[in-house]
Amino acid sequence: MCGIVGYTGGRNAAPILLAGLGRLEYRGYDSSGIALIQNDNLIVRKKQGKVEDLRLSLEREPTASLIGLGHTRWATHGVPSEQNAHPHVDNANRIALIHNGIIENHAAIKEFLLSEGYQFYTSTDTEVLAQLVGHHFHANLADAVRAAVNQVEGSYSIAVIAPEDPLTIVAARNGIPLIIGIGEGEYFIASDTAAFLEHTNQIITLEDHEIAVITPAGVNVSAAGQQHIRKEISTVASNLEQIEKNGFEHFMLKEIYDQPRALEAAMRGRIDPGGINYHEIEVVLSYLENASRIYLTACGTSWHAALIGEYLLEQIAGVAVEVEYASEFRYRQPLIDKKTVVVAISQSGETADTLAAMKMAKEQGAMVIGIANTVGSSVSLASDETIYINAGPEIGVASTKSFTSQVMVLILLAKALGERTGRLDARAAANMAQAIEALPEMANASLGTAGQVQEIAAQFERSRDFLYLGRGLNFPVALEGALKMKEISYIHAEGYPAAEMKHGPIALIDENMPVVCIAPRDDTYGKILSNIQEVKARRGRIIALTSEGDKGINKLADHVIQLPETIPALYPILAAIPLQLLAYHIAVGLDLDVDQPRNLAKCVTVE
Ligand code: F6R
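Cut-offs used in this document
- Residues numbered from 1 in each chain as written.
- Predicted model: local features only at pLDDT ≥ 70, side-chain atom pairs only at ≥ 80, totals over all residues.
- Heavy atoms only, no water.
- Pairing = 2+ DSSP bridges.
- Helix = DSSP H or I, 4+ residues; strand = E, 2+ residues; numbered from the N terminus.
- Near = heavy atom within 4 Å.
- Polar contact = N/O pair within 3.5 Å; in protein donor to acceptor, adjacent residues only side chain to side chain.
- Areas by Shrake-Rupley, 256 points an atom, 1.4 Å probe, with all protein chains shown as cover.
- Nonpolar A, V, L, I, M, F, W, Y, C, P; charged D, E, K, R; others polar.
- Domains from an automatic or database assignment.
- Salt bridge = Lys/Arg side-chain N within 4 Å of Asp/Glu carboxyl O.
- Buried < 20%, exposed > 50% of the residue type's maximum accessible area, 1.4 Å probe, protein only.
- Contact = heavy atoms within 4.5 Å.
- Buried area = accessible area lost by both parts, 1.4 Å probe.
- Phe/Tyr/Trp six-rings, centres within 6.5 Å; stacked < 30°, edge-to-face > 60°.
- Lys NZ or Arg CZ within 6 Å of the ring centre and 35° of its normal.
- Expected span 1.5 Å × (residues − 1).

Draft legend 1. Local environment of the sheet that holds strand 8 (residues 169–174). With antiparallel pairing, 7 strands are arranged side by side in an open sheet as 5-6-7-8-12-13-14. Two strands in the sheet have a free side with no partner beyond their single neighbour: strand 5 (88–89) and strand 14 (228–229). Bridge count for strand 8 against strand 12 (residues 211–215) is 4 bridges, and the pairing is antiparallel. Bridging across to strand 12, A171 finds its partner in A212.

See below:
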């Protein structure tokens, strides 16, 4: 979390930084700030709240500077406030620093700096780092940054400027992304290329323990020990259109509607052996086939996709799989040997808990496979093999298209493994391939329920709680539906396996409780119908998702959302879409900030 951006070149820096911060706001949005160098002085402006508040304050007092740093914050150490917002400066006001990450030994460093007479004005770990850079700053800024980061334990991407070296940004990273954008006579740095994509698509990716010295004349990257490193320049794959709303009111809505395309991109070349992307699946299959144990690990929505993966791999491929929250995995001494395969699933590719679980698994000898969205992300770098979901940038804080694309990749894996293990015969595999190919169109039909879902949302937006029920493959969809509702509408919601309802949650049901039941016509249909009867008998209000043409549920449910008929393995994807829309329309109805829900950030880079 937190987004950082920097500029050095021939143009006025502040508008460029503000636009970049706007694009990074998905990473954190409780406060923001910029530092500039004007007439040999550091100017620092900060605001609690959104980047828009910062922009308005800068409009009131315009600045002129050819260099600057910007930061949008998601608080870890210290409450969201103007004082704790970045950039932070040293006591002598000689340097300004922005930071994404956590300095784990900040207390020890602060103690040392206090003993040296430094004073602290915030409760952040970042101010400690700013003072430390200041402490080491004698003549050369890069040397000061190098000396400081060599003393630091933890994760960081940082950037520093100083009026004594007024055209230079010094940047460094360890464990948190930092990208340098190359323009003509101007350079950018950012946590994510989205921050500067409107100016350039040529980039250098900084790696751990590297330090970059960036001026309008060029970039010089060196290792911690000062030796020069030759860096490759690459071209960003995404384009401006992908990171803009393109007429949609919110990124979340745009991304919900992008799902047919994203599903197509996830399956392209991967359905049949010999397909262009099939070889990634092929390599992974041989590991899975020979594994002594398979773990799927992830957090949040990606964990829900993993749960669906467990059902799929067991049912379709006949292999046993365990699913673990990444944040729990390494604390429970899991049984890992050299034939263990750990599959880590992450949209951002930067989730700290997932990365820590992968590291632990690797240290114990496991083969680690990543299912990721972002090429070059930390998850892909930490994996022995990576399968990309190819969903394209996801900017709305609540995951939508990445969830369905992750499930798509897990379906493809299960299918391919099922063919290998012989559990899926040629005919069944061909049927499945046909259903998969039809899925983007079915997802379109699922989006066709939007009008109906919006009407339902209007009726339930004052509800205080929601219950989501599903069985088998659709139980994780119930969890995901509930998570979406909590995240963006702040309404309490719980997902349950439908049959578990009678073991406790049934006590909650009365005429005020909406119960969303995912009830496709599969082999659990009869059972879930009984569960729906149980809700009805207690006057609960039922919103049922079922298969097209199903009449059985009409008599029981208050609202029936019919989804296209498909094979059971694909139903979670079709069912997730109206649940995303339901959460979305309720949040919009409540006038909440859908793309930037309170307390959340798009990628969680702290453990
Ligand atoms: C929910 C959501 C989060 C993420 C979780 C893991 O909408 O977005 O629960 O799924 O933080 O993130 P990734 O997949 O980036 O590792």
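Having put the structure on the table, let's press on.
Draft legend 2. Representation of the site of the ligand in the model. Taken together, 14 residues form the shell around the ligand, and within it S302, S346, Q347, S348 and T351 come nearest. S302 is positioned such that a nitrogen or oxygen atom in its side chain is 2.6 Å from an oxygen atom of the ligand. Residue Q347 places a main-chain N or O atom 2.7 Å away from an oxygen atom belonging to the ligand. Relative to its free-state accessible area of 410 Å², the ligand is covered by the protein chains to the extent of 91%. Secondary-structure elements contributing two or more residues to the shell around the ligand are helix 9 (300–317) and helix 16 (475–489). Considered class by class, the residues forming the shell around the ligand number 4 nonpolar, 8 polar and 2 charged. Here the shell around the ligand gathers at least three residues from each of two domains, domain 2 (243–447) and domain 3 (448–607).

Draft legend 3. Representation of the pattern of salt bridges in the model. According to the stated counting rule, one finds 26 salt bridges in the structure shown. We note a salt bridge from D143 to R146, for which the minimum N-O separation is 3.8 Å. With a gap of 3 residues between them, D143 and R146 both fall in helix 5 (residues 141–151), about one helical turn apart. The exposure class of D143 is partly exposed, given its relative accessible area of 38%. Salt bridges linked by common partners bring R23, E198 and E244 together as one network.

Draft legend 4. Region of the structure containing the domain arrangement of the protein chain. Split by domain assignment, the protein chain resolves into domain 1 (3–236), domain 2 (243–447) and domain 3 (448–607). Each of domain 1 and domain 2 has a C-alpha centre, and these two points are 34 Å apart. Domain 1 puts 8 residues into the contact, and the matching count from domain 2 is 6 residues. Interface of domain 1 and domain 2: buried area, both sides summed, is about 630 Å²; carbon and sulfur atoms make up 60% of it. The largest contributions to the domain 1 side of the interface with domain 2 come from R23, Y26 and P177, which together make up 58% of the buried area.

Draft legend 5. Just the packing of aromatic side chains, in detail. The tally for this structure, following the rule as stated, stands at 7 aromatic pairs. Among the aromatic residues, those joined into a cluster by ring pairs are Y7, F188 and F196. The ring of Y490 has R598 sitting right over it, with the charged end atom 3.9 Å from the ring centre.

Draft legend 6. Expanded view of helix 1 (residues 13–24). With 12 residues, helix 1 should cover 16 Å at 1.5 Å per step; its first-to-last C-alpha distance of 16 Å lies within 8% of that length. Of all the positions in helix 1, only A13, A14, I16, L17, L18, G20, L21, R23 and L24 are classed as buried. Next to the buried residues of helix 1 lie strand 1 (3–8), strand 2 (31–38), helix 2 (51–60), strand 4 (67–73) and strand 10 (187–190).

Draft legend 7. Region of the structure containing the pairing of strand 7 (residues 154–161). Most of strand 7 sits inside the fold, with 7 of its 8 residues counted as buried. Sheet topology places strand 6 (residues 96–103) next to strand 7; 8 bridges connect them, and they run antiparallel. Pairing of G101 across the sheet is with Y156, part of strand 7. Examined bridge by bridge, strand 7 and strand 8 share 4 bridges and lie antiparallel to one another. Its bridge partner being in strand 8, A159 is matched across the sheet by A171.

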